[in-house]
Amino acid sequence: MKYKIGQIVPSSNVTMETEIPAIFRSRETILPERFTFHSSRMRMKKVTKEELEAMDAMSLKCAQELSDAHVDVMGYACLVAIMSMGRGYHCVSEVNLHQETVANDFPTPIVTSAGALINGLKVLGAKQISIITPYMRPLTDMVVDYIENQGIKVKQSIALEIPDNLEVAAQNPMNLLEIYKQLDLTDVDVLVASACVQMPSLEAIDLIQAESGIPVTSAAVCTTYEMMKKIGIEAKSPIGGELLSGKY
């Protein structure tokens, strides 16, 4: 069986089209399903509330374009754009994007990275988490408020305060092995190594989990997990190591 994976991507995002395919490709090494990847882009260069709002308005056109390709699932690949639009906005966005596909005569399941992170944390039974983000502190605080409004306490958050989206993508994921040590993980159920689908983290997730002894995930891992669920294929859990190592 071959599946077409659609992504609605900020124009300056170069990570979602590498990390999400990498997770799906790891699955292809042990299971029979095959995947192709297709994107439509929304303009955004600086991670500011104003640019994020303008970008979000373009998402409906992207959904139309991907619907023309008859993709099997669509992922909206910008967590902070959704969360900066107000509490619970992922539900609104998912309905609006799905409606575009219905109007185009090809109803398609929708995943937002914001909703996927929330859902993934709930699957893991997380009551208290800590997160690492590349965002400026005011946007990071919005993300914290958004997550807490969904019933999950954020014990600590690290904001790396990088406004340029390409600079976010250029971060070395192995730096996270030192960055996460700034967090007090006592009574933390899950560590979100990257609460941003543009900041790379895949190479570090397993290592951090081995060192810290607690489940480690990311927005990209949760998005991939949710996409797998939406197209009806088996996925064990939204823990990075399990999706990456083929423990399905």
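Definitions and limits used
Residues numbered from 1 in each chain as written. Predicted model: local features only at pLDDT ≥ 70, side-chain atom pairs only at ≥ 80, totals over all residues. Heavy atoms only, no water. UniProt positions renumbered as here; feature names shortened; annotations may be inferred. Helix = DSSP H or I, 4+ residues; strand = E, 2+ residues; numbered from the N terminus. Buried < 20%, exposed > 50% of the residue type's maximum accessible area, 1.4 Å probe, protein only. Contact = heavy atoms within 4.5 Å. Core = buried A, V, L, I, M, F, W, Y, C linked by side-chain atoms within 4.5 Å. Expected span 1.5 Å × (residues − 1). Arc of directions from axis to C-beta. Pairing = 2+ DSSP bridges. Right-handed = clockwise from strand over helix to strand, strands pointing away. Axes fitted to C-alpha atoms, helices over the stretch in contact; angles between N-to-C directions.

The chain is annotated in an unreviewed UniProt entry as Maleate isomerase from Flavobacterium nakdongensis. Taken verbatim from the UniProt record of the chain, the Subunit (unreviewed entry) comment is "Homodimer." Within the UniProt record for the chain, the comment given under Catalytic activity (unreviewed entry) is "maleate = fumarate".

Enquirer: Any details on the UniProt feature "modified residue: S-(2-succinyl)cysteine" (unreviewed entry) in the chain? Residues and values, ideally.
Expert: UniProt feature "modified residue: S-(2-succinyl)cysteine" (unreviewed entry): in the numbering of this structure it lies at Cys-78. Take Cys-78: it is sitting in the loop between β3 (73-76) and α4 (79-83). The exposure class assigned to Cys-78 is buried, which follows from its relative accessible area of 7%. Residues contacting Cys-78, with those up to four places away along its chain left out, are Pro-10, Met-44, Leu-52, Met-55, Ser-113 and Val-197.

Enquirer: Tell me about unusual backbone geometry, residues and numbers included.
Expert: In this structure, Asp-105 is a non-glycine residue whose phi angle is positive, near 65°. In this structure Asp-105 comes out as exposed when scored by relative accessible area, which is 69%. Residue Asp-187 is not a glycine yet carries a positive backbone phi of 65°. The residue Asp-187 is located in the loop between α9 (176-179) and β7 (190-194) in this model.

Enquirer: Describe helix α6 (residues 113-123), naming the residues involved and giving the relevant values.
Expert: Of all 11 residues in α6, eight are buried; the element is thus mostly enclosed. Turning to α6, its buried residues number three or more, namely Ser-113, Ala-114, Gly-115, Ala-116, Leu-117, Ile-118, Gly-120 and Leu-121. Phi for Gly-125, located one or two positions after α6, is positive at around 70°.

Enquirer: I'd love a proper account of the nonpolar core, names of residues and values included.
Expert: Judged by nonpolar contacts, the single largest core of 82 residues is most densely connected at Ile-129, Ile-131, Ile-147 and Ile-208. Looking at this core element by element, the count peaks at seven residues for helix α11 (residues 219-230). If we ignore the near neighbours within four places in the chain, the residues touching Ile-208 are Leu-176, Leu-177, Tyr-180, Leu-191, Ala-193, Gly-213 and Val-216.

Enquirer: Give me the lowdown on helix α7 (residues 137-149), citing residues and values where you can.
Expert: Compared with the 18 Å implied by 1.5 Å per residue over 13 residues, the 18 Å span of α7 between its first and last C-alpha is a close match. All of the buried residues in α7 are Leu-139, Thr-140, Val-143, Val-144, Tyr-146 and Ile-147. One face of α7 carries all of its buried residues, which in axial projection span an arc of 160°. Those residues of α7 that are buried are in contact with α2 (49-56), α4, α5 (89-103), α6, β5 (128-133) and β6 (153-159). At the exit of α7 stands Gly-151, carrying a positive phi of roughly 95°.

Enquirer: I'd like a rundown of the UniProt feature "active site" (unreviewed entry) in the chain, residues and numbers included.
Expert: Under the UniProt annotation, "active site" (unreviewed entry) lies at Cys-78 and Cys-196. For the annotated residues, spread through 119 residues, the largest C-alpha to C-alpha distance comes to 7.3 Å, consistent with a single compact locus. Relative to the helices and strands, Cys-196 resides in the loop between β7 and α10 (202-212). Among residues more than four places away in sequence, those in contact with Cys-196 are Pro-134, Tyr-135, Val-168 and Ala-219.

Enquirer: Outline the pairing of β7, supporting the account with residue identities and numerical values.
Expert: With five of its five residues buried, β7 lies for the most part within the structure. Relative to β7, β5 runs parallel, the two being bridged by three bridges. Of the residues in β7, the one forming a bridge with Ser-130 is Leu-191. By the bridge criterion, three bridges tie β7 to strand β8 (residues 216-218) in an arrangement that is parallel. Counted as the bridge partner of Leu-191 is Val-216 from β8. Crossover handedness for the path β7 to α10 to β8: right-handed.

Enquirer: Report on the sheet that holds β6, specifying residues and quantitative values.
Expert: The strand order across the open sheet built from four strands is β6-β5-β7-β8, with neighbouring strands paired in parallel fashion. Here the strands that pair on one side only, and so sit at the sheet edges, are β6 and β8. With strand direction ignored, the average angle separating the axes of adjacent strands in the sheet is 20°. Summarising the sheet, β5 and β6 pair through six bridges and their orientation is parallel. Following the sheet pairing, Thr-133 is matched in β6 by Ala-159. The sheet strands contacting α6 are β5, β7 and β8, and the helix crosses β7 at an angle near 155°.

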